[in-house]
Amino acid sequence: MSDNRVIVFGGTGFLGRQVAKNLVAAGHDVLVVARNAPRATTGYRFRAIDVSGVRPGELAAMLAAERPAAIVNATGGKWGLTGRGLEASCVGATEAILTALAMTSLVPRFVHLGSVLECGLAAPDAPGAAQRSSRPASEYDRFKLAATKAVLEAAAQGTVDPVVLRLANVTGPGVPPASLLGLVAGSLVAAARRGGHANIELTALDARRDYVDVRDVAEAIRAAIRVPGTTVPIAIGRGESVSVRTLVAMLVDISQVPATVVELPAPAAGAEDWTRVDLRPARELLGWTPQRTLSEAIGALWRHALEGDPVESR
């Protein structure tokens, strides 16, 4: 087993690409595994594998040949997916990796990227959503929880040495074009290029969420490779709840593109959409705290959007 080798599954998407970049900069031998090859590889190797569709023996053979010290599971994209497609992305890919690992003698560090929404939406008086009992609300959240449970079951069987990171909303350079801030950025870029005014219609921006820069998330993942494994999921965010309306206004302001944002009525009233991460476990178990402000994250998002380099969600 190579102490320096890391395989990043889903390494061409929004999260995975930043993870691979961070690990390469830190001197790791990185192999990115994803369905489609990136436009360019910078400092890492790449293998095109549809993880949720490949035969377990083939994936096991690849893992046995590579002998990674750590695996980062950045699979689980959601944009444009529903039903079986979403389940394959969130659960099928994770289970395929775990099944293949069980066919080898390897027990690598397994950094699994989950979601704070596996635990449902918090109430304003209940910080630390990732530490509460699991109450996922959406189809995506339920599938992410199922993937996390599969990782922890594999850990109990001795197949992996886990660190589960439950991520808050992630933003920054390369944000998925179909996400809320990605849609806003796309409208602003189009208006900037034609020298006109952006008219942006969005569903009511009443939610308050914990947003964290993707580059800070990549640093948390690198920390998770170094520290002792744990079966206690660790929440990753900025530890503050921010109005989504404020973030949209910040993006418009940073872009300096004339714009009108119209909020359409929400389809139906529901539970208050509010999240805030408790950062104490991340500080204590990872030695990690976020370093970038939301202004820095949104500024990097805008500069990247102007460059016109969209990526997958994960």
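Below is a short write-up of the structure. These figures come from a predicted structure and were not determined experimentally.

About the thresholds
Residues numbered from 1 in each chain as written. Predicted model: local features only at pLDDT ≥ 70, side-chain atom pairs only at ≥ 80, totals over all residues. Heavy atoms only, no water. Core = buried A, V, L, I, M, F, W, Y, C linked by side-chain atoms within 4.5 Å. Buried < 20%, exposed > 50% of the residue type's maximum accessible area, 1.4 Å probe, protein only. Helix = DSSP H or I, 4+ residues; strand = E, 2+ residues; numbered from the N terminus. Contact = heavy atoms within 4.5 Å.

Before going further, it helps to examine the nonpolar core. Ranked by size, the top nonpolar core spans 64 residues in total, and within it Leu165, Leu188, Ile236, Leu251 and Leu286 carry the most contacts. In terms of residues, this core owes the most to one element, helix α6 (residues 214–226), which gives 8 residues. Residues contacting Leu251, with those up to four places away along its chain left out, are Leu181, Val184, Ala185, Leu188, Ile298, Leu301 and Trp302. Core analysis: the second largest hydrophobic core is formed by 25 residues, Val33, Ala60, Ile71 and Leu98 among them.

Turning our attention to the environment of Val217. One can find Val217 in helix α6. A residue is classified by how much of its surface remains accessible, and Val217, at 1% relative accessible area, is buried. On a C-alpha basis, the gap between Val217 and Ile236 in space is 7.1 Å, while along the polypeptide they are 19 residues apart. Contact partners of Val217, with chain neighbours within four places excluded, come to Leu15, Leu167, Val170, Val212 and Ile236.

With a phi close to 50 degrees, Arg67 is a non-glycine residue in the positive phi region. On the secondary structure map, Arg67 appears in the loop between α2 (56–66) and β4 (68–73). Of note in this structure, Gln256 is not a glycine but carries a positive phi near 60 degrees. Tracing the backbone through its elements, the reader meets Gln256 in the loop between α7 (244–255) and β13 (259–264). Taking the relative accessible area as the measure of exposure, Gln256 reaches 71% and is therefore exposed.

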